[in-house]
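Structure assessment
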Amino acid sequence: MAINLAAKYSDKIAGMYTVGSLVADKTSKEWDFSGVKTVKIYTPQTVEPVDYTRDGVNRFGTPVEMADTVQELTMTQDKSYSIIIDKGNNNEQMLVKNAGKMLKLQTNEKVVPMVDKYALSRYCALAGTVAGVTKPTKTTIIADIGEACKVLDDACVPQENRYLYVTGEMYSLIRQSTEFLGLESLGTQALAKGIVGDVFGAKIVKVPASYLPEGVYFLLAHKDAVILPYKIRDAKVHQDPPGISGALLEGRNNYDAFVIGARCMGVYAAVAQDKVVATPSVSMSSNTATVTCTTSDAEIFYTIDGTDPRYSENTEKYASAVTVPEGQKIRVYAVKDGMFTSAVAEG
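Bear in mind the structure is a predicted one, so any value in this text is a computation, not a measurement. Residue numbers restart at each chain and count upward from 1, following the sequence in its written direction. Restriction of local features to residues with pLDDT of at least 70 applies here, the model being predicted, together with a cutoff of 80 or more for giving and counting side-chain atom pairs; totals for whole chains, interfaces and linings are based on all residues. Think of the side-chain values as coming from all heavy atoms in the structure, minus any hydrogens and water.

For the rest of this paragraph, the subject is the overall build of the protein chain. Assigned secondary structure in the protein chain consists of 5 helices and 21 strands. The buried share of the protein chain, reckoned over its 347 residues, is 44%. For this analysis, residues touch if any pair of their heavy atoms sits within 4.5 Å. Contacts spanning at least 24 positions in sequence make up 75% of the contacts within the protein chain whose residues lie at least 6 apart. Surface accessibility in these figures is a Shrake-Rupley result with a 1.4 Å probe; residues are shielded only by whichever protein chains are displayed. Looking at the protein chain as shown, the accessible area adds up to about 18,100 Å², and 49% of this sits on carbon and sulfur atoms. Each helix is a run of H or I in the DSSP string that is no shorter than four residues. Each strand is a run of E no shorter than two, and both are numbered from the N terminus. For every residue, the accessible area obtained with a 1.4 Å probe (protein chains only) is divided by the maximum for its type, and the residue is called buried under 20%, exposed over 50%, and partly exposed between those limits.

Listed below in structure tokens is the structure:
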């Protein structure tokens, strides 16, 4: 006998994840992955206004076709688990009668930490700004966060729905900083799951040290700049399957985490200086671009259509000098295993 819990508990399981997660409810819900594994995001490319002329044919300027920047998002994480409850260890009906409880336990203790860690690592890796900084102290932490907020401000990122992910160590430095001494307690009242206060209008989310990648001091992300699709593929309880005397619980989850390219400046990661790949240099000779990077063994990627190579579907790997069409520009960045991606350079 097999009981399909995916049909019966799918919404509840997804709800369990959202309730337990420190990240899920702080991400955009604009795109729906229901029934699909891949979603394409089309962002129209606007044009610069020009001076109106009172004579001639094109008085409003030369008409151009509105192009789109396309970002393809495909869920890559496909994880499963299998749990046996032997009849000799438990009542044979225990698992079936308490399927919801068992799934909740599995979700809270294993699935939630796994997905949250993955999501935060992806947001750091794909951040629009990866800033190499000296490790913050209690006298510098507020200035470092202020610089991150300034970057978002200058990019016209909305003030509301900004989340600052910090470990207990960084949160302690914030609490000890002179800017907050003498003020009301920073974390007197939790506003939502994981939120322990705010700084410069950004809600502080304290996460376990293991949730942020090594070398990351903090992550500032606007809710609408990041997404975290998560779906239940399978959840079944099998009674006395072949080879097992008892119950077998099997589950399978798909998920992934993305930064929206058109909104990437809403994500800022402050990381150790030696963990960031050097920004490539672009040398132009006529319409030919030569690209170099001082970080050894770094791989370089580029676009020549004006799109951001970190998120564009037209990104290509650099191997030798590239011909850049007249009126276009080359945009490049570099990556290396174990390090954070470089900033984007262009020519």
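For the rest of this paragraph, the subject is the sheet that holds strand 19 (residues 322-323). DSSP-based pairing: two strands are paired if at least 2 bridges between them are found. Strand order in the open sheet formed by 3 strands is 15-16-19, with antiparallel pairing between adjacent strands. The sheet terminates laterally at strand 15 (281-285) and strand 19, the two strands that pair on one side only. Note: strand 16 (residues 288-292) against strand 19, 2 bridges, orientation antiparallel. Within strand 19, the residue paired with Thr 288 across the bridge is Thr 323.

Here we come to helix 4 (residues 141-154). Take the residue count of a helix, subtract one, and multiply by 1.5 Å to get its expected span. Over its 14 residues, helix 4 extends 20 Å from the first C-alpha to the last, a length consistent with the 20 Å expected when each residue adds 1.5 Å. Residues of helix 4 that are buried make contact with strand 5 (129-133), strand 6 (162-166), helix 5 (168-176), strand 7 (195-199), strand 9 (216-222) and strand 14 (267-272). Phi turns positive, to about 60°, at Cys 156, one or two residues after helix 4.

Turning to the sheet that holds strand 1 (residues 2-4), a few remarks are in order. Within the open sheet, the 4 strands sit side by side as 1-11-12-4. Their pairing is antiparallel. Where the open sheet ends on each side, the last strands, each with one partner, are strand 1 and strand 4 (77-86). With direction set aside, neighbouring strand axes in the sheet form an average angle of 15°. One ladder, built from 9 bridges, connects strand 11 (residues 230-239) with strand 12 (residues 246-255); its direction is antiparallel. Paired with Asp 234 across the bridge in strand 12 is Arg 252. Each axis is a line fitted through C-alpha atoms, and for a helix only the stretch in contact is used; angles between axes span 0 to 180 degrees, taken between their N-to-C directions.

Let us now look at the environment of Ala 221. Of note, Ala 221 is situated in strand 9. Sequence separation between Ala 221 and Asn 161 is 60 residues, and the spatial gap between their C-alpha atoms is 8.5 Å.

For the rest of this paragraph, the subject is the pattern of salt bridges. A side-chain nitrogen of Lys or Arg and a carboxyl oxygen of Asp or Glu constitute a salt bridge if their distance falls within 4 Å. Enumeration according to the criterion identifies 13 salt bridges in this entry. Arg 252 is the partner of Asp 78 in a salt bridge, and the nearest nitrogen-oxygen pair spans 2.6 Å. Of this pair, Asp 78 sits in strand 4 while Arg 252 sits in strand 12; the two residues are 174 residues apart in sequence, bridging distant segments of the chain. Asp 78 gets classed as partly exposed once you look at its relative accessible area, which sits at 40%. Across the pair Lys 236 and Asp 234 runs a salt bridge, and its minimum N-O distance is 2.4 Å. Taking relative accessible area as the criterion, Lys 236 reaches 24% and is therefore assigned partly exposed. Among the residues examined, Asp 234 registers a relative accessible area of 27% and is labelled partly exposed. One salt-bridge network, in which partners are shared between bridges, spans Lys 40, Glu 72 and Glu 313.

Here the focus is the confidence of the model for the protein chain. Model confidence for the protein chain is summarised by a mean pLDDT of 86, while 88% of its residues fall at 70 or above. The spread of mean pLDDT over the elements of the protein chain runs between helix 2 (residues 94-97), the lowest at 56, and strand 9, the highest at 98. What pLDDT reports is the predictor's confidence in each residue, on a scale of 0 through 100.

Let us look at the side chain of Gln 77. Mapped onto the secondary structure, Gln 77 falls in strand 4. At 3.5 Å, the side chain of Gln 77 and the side chain of Tyr 118 are in polar contact. Apart from the residues within four sequence positions on either side, Gln 77 is in contact with Tyr 118, Asn 253, Asn 254, Tyr 255 and Asp 256. Whenever a nitrogen or oxygen atom comes within 3.5 Å of another N or O atom, the pair is scored as a polar contact, on the condition that within protein one atom can donate a hydrogen and the other can accept it, and that pairs from neighbouring residues in sequence are kept only if both atoms are in side chains.

Looking now at the packing of aromatic side chains. Think of a pair of aromatic rings as described by two things: how far the centres are apart, and how the planes are tilted against each other in angle. Side-chain rings of Phe, Tyr and Trp, where Trp is taken by its six-membered ring, are said to pair if the distance between their centres is within 6.5 Å; with planes under 30 degrees apart they count as stacked, over 60 as edge-to-face, and otherwise as tilted. Per the counting criterion, the structure on display carries 6 aromatic pairs. On the basis of an interplanar angle of 65° and a centroid distance of 5.1 Å, the ring pair of Tyr 52 and Phe 60 is categorised as edge-to-face. With a relative accessible area of 46%, Tyr 52 lands in the partly exposed category. A relative accessible area of 71% places Phe 60 in the exposed class. The interplanar angle of 85° and the centroid separation of 5.6 Å between the aromatic rings of Tyr 118 and Tyr 255 together place this pair among those described as edge-to-face. Of this pair, Tyr 118 sits in helix 3 (residues 99-125) while Tyr 255 sits in strand 12, and the two are 137 residues apart along the sequence. Accessibility classification places Tyr 118 together with Tyr 255 in one group, the buried group. Above the plane of the ring of Tyr 163 lies Lys 26, whose end atom (NZ or CZ) is 6.0 Å from the centre. For a ring to carry a charge above it, either NZ of a lysine or CZ of an arginine must fall within 6 Å of the ring centroid while also lying within 35 degrees of the normal to the ring plane.

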